Amino acid sequence: MASQSHLYVLFVIVVGVAAFAAPVKCNMEVDALYTWRTMLSDPNNVLQSWDPTLVNPCTWFHVTCNSEDIVVRVDLGNAGLSGPLVPQLGLLTNLQYLSVYKNNISGSIPSEIGNLKKLISLGLFNNQLSGAIPASIGNLRSLKFMRLNNNNLTGRIPREVIQLIINGSLRILNVANNSLAGTMRATNSTGYAITSVIQDPRARKY
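Looking at an unreviewed UniProt entry, one finds the chain named LRRNT 2 domain-containing protein and attributed to Citrus sinensis.

Q: Teacher, can you tell me more about the sheet that holds strand β3 (residues 82-84) here?
A: Hydrogen bonding along the main chain pairs the strands of a sheet, whether they run parallel or antiparallel. Reading across the sheet, the 5 strands line up as β3-β5-β7-β9-β11 and stay open at both edges, with parallel pairing between neighbours. If you trace the sheet from one side to the other, it starts and ends with β3 and β11 (179-180), each paired once. In this structure, β3 lies alongside strand β5 (residues 104-107), joined through 3 bridges in parallel fashion. In the strand pairing of β5, G83 is matched with I105.

Q: Looking at this structure, how should I read the state of the cysteines?
A: Simply put, the disulfide is a covalent bond whose two ends are the sulfur atoms of two cysteines. Counted by the stated rule, this structure contains 1 disulfide. Between C58 and C65 runs a disulfide, and the two sulfur atoms are separated by 2.0 Å. A torsion of -95 degrees about the S-S bond marks the disulfide between C58 and C65 as left-handed. Given a relative accessible area of 22%, C58 falls into the partly exposed group.

Q: Where do I start with unusual backbone geometry in this structure?
A: Unlike most non-glycine residues, H62 shows phi in positive territory, near 75 degrees. Mapped onto the elements, H62 comes out in the loop between α1 (2-38) and β1 (63-65). For D69, which is not a glycine, the phi torsion comes out positive at approximately 60 degrees. Checked against the element boundaries, D69 lands in the loop between β1 and β2 (71-75).

Rules used in this analysis
Along each chain, residues carry numbers from 1 onward, in the same order as the chain's sequence is written. Restriction of local features to residues with pLDDT of at least 70 applies here, the model being predicted, together with a cutoff of 80 or more for giving and counting side-chain atom pairs; totals for whole chains, interfaces and linings are based on all residues. The side-chain quantities take in all heavy atoms of the structure and omit both hydrogens and water. At least two bridges found by DSSP between two strands are what make those strands a pair. Secondary structure is summarised from DSSP: a helix means a run of H or I of at least four residues, a strand means a run of E of at least two, and numbering begins at the N terminus for each. Cysteine sulfur pairs qualify as disulfides if the two atoms are within 2.5 Å. Relative accessibility thresholds used throughout: buried, under 20% of the residue-type maximum; exposed, over 50%; partly exposed, between the two (1.4 Å probe, protein chains only).

Structure representation (structure tokens):
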């Protein structure tokens, strides 16, 4: 009887931990996204539904979650937003698509973007981003599409990012119309994929 009692207590603990884990994850995502919202100018009120008192960010417009109520997409293209990207975006560790193109996003790309190990597509083109492309993006082994064109980025494409091309995972890299140094071949064929590299032809060669 005592043995059955112990098993019941263990079951309650396990169920309790599982029930607690999901809200904690959701709260962390709410905190990360709402922190970003507070740093953005939103004249069109596209982020009006981003209510930090809600446990689940999956009811917010422009946010998509999976069946476990975990954020997998943020779609804010052409939304009239201005302001920075924030390091807290690196907490969205299950994010697969981040689209913030055709806005007025400024500042640097935070290195914490390199924590988004499941990211498939990063769309930051047509903004006012400056500084270097973070080498930490080389951690994104699932990344297939990265469009950073039409910004004010400087420096060279990090070798860690080039390695994603060599390995055949990164299919499209568009960094045209920035102030980057060096050029790369237009395509890179591997046994797994063909990567298209689009870069300002005026840049000097490596």
